[in-house]
Amino acid sequence: MNPATVEPQGTAALLVNSRGQYLLHLRDANKPHICDPGTWSIPGGNREGDESSRAAVARELMEETGLEVPLEPFTVVNAHGPDGSSGQIRVYLGHWDGDADALPCPEGIMFRFFDAERTQWLTMCPWTAEVIALHEQTAAVAPPHSAAPSRHLGGSRARLNILGVHLYLEREDGRILLGLRHPESAFAPLTWHFLAGHCELEGARACLVREAAEEAGLTLAPEDLELVHTVHMRDGNSDQPRLGLVFRARTWTGIPEVRETDRCLEWAWYAPDQLPEPVVPYTRTAIEAIGKGRPYSELGWP
């Protein structure tokens, strides 16, 4: 296997509140065999056995904070173990507005929320500082002296829009590929959806090529992917808008098979006018729009 395709052993969760502050964990300074002792870092830990990164980060977050928070892939960083060995950590992004002082802390010393500006005065874990700096560049977090943003839409405070890519795979008989999501999935459990994923530090086409291989064992060529629909959505009162890009693959190789059993139960082909139930609402919207030749949709906005 190409080393560049090996899934990182480490995982971590970057949690941000509505004020743009980061939840940091003060690590024990005296515990033996610990990475980055005495530094401020973020919750996380290594995968166990055949565990996926997504399952591992959810487990670690629960063990360290007692929290269940929807998480999306954000980036991968390089890190060093306590013995000086090097490795990588897949970092996920989530949003939480609770009381850091009320969190259990079975590992380490305490949890606190900090503005990005204040982290420069802390003894920071190097890779955590790198992750926060990257998020600052992409999220345009409000300065610490600003008042808490109002809950209404608009205003001057920028919001990070999560970018998702989706595969519109159509056979010669006109049927399209959909997957039934796992019952424990954080998003749309037991609901039919496109093969999809979220962009990390990569282009949208490259992301979809990677996701197709990881989730279904399909091989796509970036040059064969055509953007056929874009949907901009907001779920209920969430402050986390999402932009979904739907690509049609003109050619592909492979037969869809379930590769990530913690995310998908099965793949099946359906006629666009005979979709299974239930279907993710924006998936249905995109399929209907593609059939009518409409390139753009909005959902959840006033």
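Rules of the game
Residues numbered from 1 in each chain as written. Predicted model: local features only at pLDDT ≥ 70, side-chain atom pairs only at ≥ 80, totals over all residues. Heavy atoms only, no water. Buried < 20%, exposed > 50% of the residue type's maximum accessible area, 1.4 Å probe, protein only. Helix = DSSP H or I, 4+ residues; strand = E, 2+ residues; numbered from the N terminus. Contact = heavy atoms within 4.5 Å. pLDDT = per-residue confidence, 0-100. Pairing = 2+ DSSP bridges. Axes fitted to C-alpha atoms, helices over the stretch in contact; angles between N-to-C directions. Phe/Tyr/Trp six-rings, centres within 6.5 Å; stacked < 30°, edge-to-face > 60°.

Let us look at helix H4 (residues 281-291). Looking only at H4, the buried set comprises Tyr282, Thr283, Thr285, Ala286, Ile287, Ala289 and Ile290. Buried residues in H4 make contact with strand S8 (162-168), strand S9 (176-181), strand S10 (192-193), strand S12 (225-233), strand S13 (242-249) and strand S15 (296-299). Where H4 ends, the next residue or the one after it, glycine 293, has phi of about 75°, a positive value.

Another point: the confidence of the model for the protein chain. Mean pLDDT for the protein chain: 86, with 88% of residues reaching 70 or above. In this model residues 140-157 is a low-confidence stretch, pLDDT under 50, and it forms 30 contacts with partners more than four residues away in sequence or in other chains.

Quick look at the sheet that holds strand S14 (residues 264-270) now. Spatial strand order, S10-S9-S14: three strands in an open sheet with antiparallel pairing. The open sheet has two edge strands with one neighbour each: S10 and S14. When S9 meets S10, the two strands line up antiparallel, connected through two bridges. Within the sheet, the bridge partner assigned to glycine 179 lies in S10 and is histidine 193.

Once that is clear, we can look at the sheet that holds S15. Reading across the sheet, the five strands line up as S11-S8-S13-S12-S15 and stay open at both edges, with mixed pairing between neighbours. Bordering the open sheet on either side are strand S11 (195-198) and S15, each of which pairs with just one other strand. Strand-to-strand twist across the sheet, computed as the mean angle between neighbouring axes with direction ignored, equals 25°. Along the sheet face, H4 touches S8, S12, S13 and S15 and points at about 130° away from the line of S12.

We now examine the packing of aromatic side chains. Enumeration according to the criterion identifies five aromatic pairs in this entry. Taken together, a centroid distance of 6.0 Å and an interplanar angle of 25° make the contact between tryptophan 96 and phenylalanine 113 stacked. With tryptophan 96 in the loop between strand S6 (86-95) and strand S7 (110-114) and phenylalanine 113 in strand S7, this pair connects stretches of sequence that are 17 residues apart. With a relative accessible area of 16%, tryptophan 96 lands in the buried category. Taking the centre distance of 6.3 Å and the plane angle of 25° together, the rings of tryptophan 252 and tryptophan 269 count as stacked. Taken together, the residues span a long stretch of sequence, with tryptophan 252 in the loop between S13 and S14 and tryptophan 269 in strand S14 at a distance of 17 residues. We classify tryptophan 269 as buried; its relative accessible area is 19%.

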